[in-house]
Amino acid sequence: MGMDTRVLESGGRRGRRLAVMLSAASAVLLLLAAVLLLLDPFGWHIIDRLKGEYDAALDAVPADSSLYVGVNLLSPDVSRVDDVWATISAASTGDAGQFTELRRKVEEQLIQEIGISIEADVIPWIGQFIGFSVVSAEWDEFGQPTNVEWLLAVETRDKEGSDQFLSKLAAFLDAKQDAMVDISDYQGVSLTQADQIAFGRSGTLVMMGSSTDTLKQGIDAQQGTSLSHTPGFQQAVAKLPGDRVLTGYVNGDQLNRWLADVPTPLPHIAPENLPTSAVQGIGFSFSLPAVDRIQIDAATAFDPEKLSAVQKRLLQLTAESEAAASLFPEETMLYITGKGIDGSWELLRRAMIAEIGRDDFEESMRMFAKEFSIDFDQQLFPLLDGEFAIGILPSSEGALADGGLGAVLAAGTSDEQSLATTVAAFSEDIGRPQGGLGQVTASELPAGGTVYEFETALLPDFQLAYGVGQNYLLLGTSKSALSDLRFDGKLSLANSGAYQAMWEAFPDGMVPAFFVDIAGLRKLLAESALAAEAASEPVITSLSVISRVAGASLAADDTAQITAIIFLESK
Amino acid sequence: MRMRHIVRLFIASLLLFTISCREQPLADLPAETILERAITRMTSVSGFHFMIDRSGAPAYLDAAETLSFRQAEGDYVTPDRARAVVRIIAPGLVTDVSVVSVGAIQWETNVLTGQWEELPPDWGFNPTVLFDTQLGLPAILTSDLSNLVRVESQKLDDSGLLMYQLSADVAGERLYQMSGGLIGPGPVTATMWIAPETFELHRILVVEPVAGSEESSIWQVDFGEFDLQLEIEPPTIK
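Keep in mind that this is a model prediction, so the values were computed, not measured. (Residues numbered from 1 in each chain as written. Chains lettered and ligands numbered in written order. Predicted model: local features only at pLDDT ≥ 70, side-chain atom pairs only at ≥ 80, totals over all residues. Heavy atoms only, no water.)

Caption draft 1: Local environment of the layout of surface pockets. Residues and elements named next belong to chain A. Considering only enclosed or pocket space, the largest pocket measures out at about 1400 Å³ in volume. Together, 42 residues line the largest pocket, and Leu 73, Arg 103, Ile 118, Ile 123 and Ile 130 are the ones closest to its centre. Elements represented by at least two residues in the lining of the largest pocket include exactly helix H3 (81-92), helix H4 (98-114), helix H5 (118-122), strand E2 (126-139), strand E3 (145-156), helix H6 (159-177), strand E7 (205-209) and strand E9 (279-290). Looking at the lining of the largest pocket, its residues break down into 33 nonpolar, three polar and six charged. (1 Å grid on protein atoms, 1.4 Å probe; cavity = no way out; pocket = protein on both sides within 12 Å on 5 of 7 lines; lining within 4 Å. Points joined across faces, edges and corners; volume = space filled by probe spheres on them. Helix = DSSP H or I, 4+ residues; strand = E, 2+ residues; numbered from the N terminus. Nonpolar A, V, L, I, M, F, W, Y, C, P; charged D, E, K, R; others polar.)

Put into structure tokens, the structure is as follows:
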């Protein structure tokens with residue numbers, strides 16, 4: 001052991017000591033950071049921001065606002081916007097630069113209209129969240145909004161920068177409008193009113209609104225109770241994906257008031273009698289989980305105390321798995337399924353009776369039965385207590401044959417015998433040689449049950465097939481479409497690999513609700529007699545970027561959710 | 001002794017109170033006089049609120065029997081303006097439409113859109129015809145009644161006022177014209193409730209037997225807010 005060795009040993013001890021000290025300091029710093037994160041003494045909400053559970057703009061949204069739409073500019077999904085746009089552009093026109101061009105046009109228009117450049121005047125200070133809310137609105141007798149009070153809240157990360165922006169805006173409006181720029185103060189916040197817009201900064205939020213009164217409501221919400229504190233909002237939004245780009249919310253009370261006011265052929269139904277009266281609110285969101293997928297979620301929050309027994313049963317049914325996909329063939333191109341036609345009818349029936357009275361309701365049902373030979377209130381809808389499904393599939397017969405398509409409705413029942421009796425009586429009545437509606441031909445379904453084909457001289461090209469079999473009421477555009485149903489479950493949609501793979505993109509536990517094979521429909525239309533028309537139809541051509549659209553649902557005691565995913569064509 | 005006086009006084013007071021609280025019988029007028037005064041009042045009134053309610057067998061607005069009149073509630077002001085909300089029952093559908101009539105022109109809200117539309121001449125239900133001097137109630141009450149009798153006076157549900165009650169048979173032809181075919185042309189029976197003092201007609205109840213139906217159509221027409229002052233203007237059409 002020489003001197004060099006001792007020096008090395010001494011240097012090693014110092015190095016170890018330094019390492020220990022550095023480690024200890026790092027640990028203390030980490031601990032301090034953790035404490036800061038948990039206690040959040042500066043109100044940064046860092047953890048909640050990362051989890052997608054905090055929205056700064058919401059702080060200024062009054063609790064009883066009708067509508068809220070907010071954008072999280074730092075959502076991980078935002079980074080995919082350009083990529084998704086490139087995917088869409090490549091699949092449609094091949095021009096991925098359209099988005100850039102759109103941005104440029106918006107920028108030019110803003111400079112012209114209000115003297116503001118997004119790039120130069122807004123980007124330098126804008127923070128993570130932007131929120132727009134309709135604070136209040138009234139509707140005219142045609143359901144159109146009037147007297148809309150709105151509020152836009154934008155988070156700032158640079159108060160000085162945002163104040164400069166507001167000053168520039170005020171100066172521009174003052175010069176342009178020759179006029180009435182009014183400045184006032186509320187709760188220590190300077191508010192500027194110019195023509196039909198008011199603005200100011202309260203804390204870390206830049207607010208713009210339809211009036212200073214609206215801004216004052218926003219400031220009050222910041223200091224008191226905002227929409228984010230309401231049970232309906234919390235319940236609905238908690239079910240939405242955390243990394244969403246856009247969050248929306250519709251207030252249930254306001255929705256019911258609007259539904260009650262909107263003109264319909266039905267008599268006015270008071271908000272408390274609407275089937276939606278138990279809705280506290282509906283949250284919705286938009287996210288981009290992958291470059292070839294756009295996801296839209298909606299969650300309806302119910303007030304459990306207002307839910308009727310029928311509504312609770314419908315929620316339970318929604319949560320149950322679906323089986324009708326095993327009835328439809330694997331080449332099915334559109335499929336929608338649900339449960340509880342009987343319950344849904346019962347809800348609507350009760351709402352109607354509460355408003356118009358039982359006598360008037362029953363008289364209208366009697367008139368329907370007299371006119372169309374079927375009492376759907378007593379002899380049809382109450383029997384449809386199972387799962388139902390609507391499918392569109394390839395077919396060369398029936399009303400949709402020009403497009404190479406056929407349509408089928410299958411509605412499940414637990415009382416096939418009664419349903420068969422109803423349908424047989426209906427068929428006998430409409431097929432009467434004297435005074436009937438047309439000709440009805442009955443035959444047996446291969447799988448069991450009776451199918452009726454209806455034709456009428458009044459509409460020579462019209463065909464309708466319907467019947468009862470295998471615990472389903474069946475309705476189709478042709479008998480062959482009904483015969484294509486897979487009562488044995490073989491080669492069915494449910495067994496198709498593509499169908500099964502599609503649901504892997506959905507959260508666990510969700511039950512398939514619908515899907516549309518857009519690519520398949522496009523291909524079929526291109527090969528059909530309608531090919532020339534389809535090629536020039538803007539709706540059809542604009543769908544060329546989409547391969548499939550699918551939706552799945554999930555329900556709990558007080559919430560119902562639906563997730564829809566648009567699958568883009570990737571080239 | 002003194003106690004007996006007090007008891008007598010109490011009983012006398014009670015009797016006086018009971019007598020004073022008893023309903024005064026209505027003046028003993030013949031049915032024809034009551035009706036005549038009611039018609040006079042009806043033709044002099046400047047406006048009123050009305051409610052027409054049909055129950056029992058349906059009354060169809062069309063020959064195909066797909067639209068049934070149920071109810072109309074509205075206001076009438078002389079000489080020829082009326083507005084009403086009319087309930088119509090169709091197969092599987094109960095709907096309310098609003099109606100405004102100014103002279104011969106009539107507007108109605110579209111069942112699907114709720115927007116006001118001017119109706120072609122002689123279409124729809126025009127409430128002003130109810131009060132037409134040639135075709136309406138004044139003419140029917142003057143000329144078409146038979147077997148008019150006064151029956152026991154009665155209070156109406158919503159009024160504490162004891163009213164004259166008259167009953168009569170009514171020829172149905174003019175009624176048929178007035179109602180656009182909803183009532184008549186066969187004979188019907190009618191009961192009328194008329195207020196004493198003012199001789200305002202508060203209610204007419206018409207019972208119409210319906211051929212081929214076990215139940216009759218029952219029409220109850222209520223009037224109120226007599227001499228109503230109201231501006232009824234043509235609706236704004238978007």
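That was the structure; now back to the text.
Caption draft 2: Seen up close, a negative patch on the surface. Residues Asp 402, Asp 461, Glu 533 and Glu 537 of chain A make up a contiguous surface patch of negative charge. Here Glu 537 of chain A shows up in the loop between helix H18 (531-536) and helix H19 (538-542). (Patch = residues over 30% accessible without salt bridge, like charges linked within 9 Å, V, L, I, M, F, W, Y side chains within 5 Å. Areas by Shrake-Rupley, 256 points an atom, 1.4 Å probe, with all protein chains shown as cover. Salt bridge = Lys/Arg side-chain N within 4 Å of Asp/Glu carboxyl O. Lys, Arg positive; Asp, Glu negative; His and termini not counted. Charge placed at Lys NZ, Arg CZ, Asp CG, Glu CD.)

Caption draft 3: Just the interface of chain B and chain A, in detail. Counting residues at the interface gives 25 residues for chain B and 19 residues for chain A. When chain B packs against chain A, close to 1700 Å² is buried across both sides, 58% of that on carbon and sulfur atoms. On the chain B side of the contact with chain A, Pro 91, Gly 92 and Val 94 of chain B bury the most area, a combined 28% of that side's loss. Here chain B is connected to chain A by four salt bridges. For Glu 65 of chain B, the salt bridge identified is with Lys 370 of chain A, shortest N-O distance 2.7 Å. Linking chain B with chain A are eight residue pairs in polar contact (both at pLDDT 80 or more), by the criterion used here. Listed by contribution, the elements that provide at least two residues to the side of chain B that touches chain A are strand E1 (47-56), strand E3 (68-77), strand E4 (81-90) and strand E5 (93-102) of chain B. Per element, the largest residue contribution to the side of chain B that touches chain A is four residues, and it comes from E5 of chain B. (Contact = heavy atoms within 4.5 Å. Buried area = accessible area lost by both parts, 1.4 Å probe. Polar contact = N/O pair within 3.5 Å; in protein donor to acceptor, adjacent residues only side chain to side chain.)

Caption draft 4: Structural detail: the pairing of strand E6 (residues 197-202) of chain A. All names here are of chain A. Pairing of strand E5 (residues 189-194) with E6, which is carried by three bridges, proceeds in the antiparallel orientation. Each bridged residue has a counterpart across the sheet, and for Gln 193 the counterpart in E6 is Ala 198. The antiparallel pairing of E5 with E6 creates a hairpin that spans two residues between the two strands, and Asp 195 there sits at a positive phi of about 55 degrees. As paired strands, E6 and E7 are joined by five bridges and run antiparallel to one another. Looking at the pairing, Arg 201 lines up with Val 206 of E7. (Pairing = 2+ DSSP bridges.)

Caption draft 5: Representation of the packing of aromatic side chains in the model. Inspection of every chain in the model, using the stated rule, returns 21 aromatic pairs over all chains. Ring geometry for Phe 233 of chain A versus Tyr 249 of chain A: centroids 5.1 Å apart, planes at 70 degrees, classification edge-to-face. Of this pair, Phe 233 of chain A sits in helix H8 (residues 231-237) while Tyr 249 of chain A is found in strand E8 (residues 246-251), placing the two residues 16 residues apart along the sequence. Look at Phe 233 of chain A and you get buried, because its relative accessible area is 5%. Taking 5.9 Å as the distance between ring centres and 15 degrees as the angle between the ring planes, the aromatic pair formed by Tyr 164 of chain B and Phe 199 of chain B counts as stacked. Taken as a pair, Tyr 164 of chain B in strand E9 (residues 162-170) and Phe 199 of chain B in the loop between strand E10 (188-194) and strand E11 (201-208) lie far apart in primary sequence, 35 residues in all. Phe 199 of chain B carries the same exposure label as Tyr 164 of chain B, and that label is buried. The rings of Phe 328, Tyr 335, Tyr 499, Trp 503, Phe 506 and Phe 515 of chain A are connected pair by pair, giving a single aromatic cluster. Over the face of the ring belonging to Phe 567 of chain A we find Arg 548 of chain A, whose NZ or CZ atom lies 4.7 Å from the ring centre. Above the ring of Trp 193 of chain B, the side-chain terminus of Arg 203 of chain B is found at 5.9 Å from the ring centroid. (Phe/Tyr/Trp six-rings, centres within 6.5 Å; stacked < 30°, edge-to-face > 60°. Buried < 20%, exposed > 50% of the residue type's maximum accessible area, 1.4 Å probe, protein only. Lys NZ or Arg CZ within 6 Å of the ring centre and 35° of its normal.)

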